[in-house]
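In case you want the letters, here they are:
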Amino acid sequence: SRSYISNKNMTLGYGMSAYPGSYDGTGRNTFLINNNGTIFQGDRGTTLGHLTFFDPTPGTFTPTE
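A brief report on the enclosed structure follows. (Residues numbered from 1 in each chain as written. Predicted model: local features only at pLDDT ≥ 70, side-chain atom pairs only at ≥ 80, totals over all residues. Heavy atoms only, no water.)

1. Digging into the layout of surface pockets
If you add up the space inside the largest pocket, you get close to 190 Å³. Lining the largest pocket we find 14 residues, and of these Gly15, Leu51, Thr52, Phe53 and Phe54 sit closest to its centre. Of the residues forming the lining of the largest pocket, the biggest block, 3 residues, is contributed by strand S3 (residues 15-18). In terms of residue class, the lining of the largest pocket is made up of 9 nonpolar, 4 polar and 1 charged. (1 Å grid on protein atoms, 1.4 Å probe; cavity = no way out; pocket = protein on both sides within 12 Å on 5 of 7 lines; lining within 4 Å. Points joined across faces, edges and corners; volume = space filled by probe spheres on them. Helix = DSSP H or I, 4+ residues; strand = E, 2+ residues; numbered from the N terminus. Nonpolar A, V, L, I, M, F, W, Y, C, P; charged D, E, K, R; others polar.)

2. Focus on the nonpolar core
Within the largest apolar cluster, 5 residues are counted, these being Tyr4, Leu32, Phe40, Phe54 and Phe61. Excluding residues that lie within four positions of it along the chain, Phe40 makes contacts with Thr30, Phe31, Leu32, Asn34, Phe54, Pro56, Phe61, Thr62, Pro63 and Thr64. (Core = buried A, V, L, I, M, F, W, Y, C linked by side-chain atoms within 4.5 Å. Buried < 20%, exposed > 50% of the residue type's maximum accessible area, 1.4 Å probe, protein only. Contact = heavy atoms within 4.5 Å.)

3. Focus: the side chain of Thr30
Relative to the helices and strands, Thr30 resides in strand S4 (residues 29-34). In this structure Thr30 comes out as buried when scored by relative accessible area, which is 2%. What Thr30 contacts, discounting residues up to four positions off in sequence, is Ala18, Tyr19, Pro20, Phe40, Gln41, Gly42, Arg44 and Phe61.

4. What to know about the pattern of salt bridges
A complete count under the given rule lists 1 salt bridge for this structure. One salt bridge in this structure joins Asp24 and Arg28, with 2.9 Å as the shortest N-O distance. (Salt bridge = Lys/Arg side-chain N within 4 Å of Asp/Glu carboxyl O.)

As structure tokens, then:
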């Protein structure tokens, strides 16, 4: 897990997430991308919403090809 926030400013990098509007209605996968350009894909179940930490947990998220 990594936070890119230091002293209330995002200066240590960036991460971005995208998730479906409704689970199983518009999709199931959440996608994360880090500042190196690696994209991770994972099914978080019905837990929707943006993540506050960049945390592509092994077993939940896998790098995409």
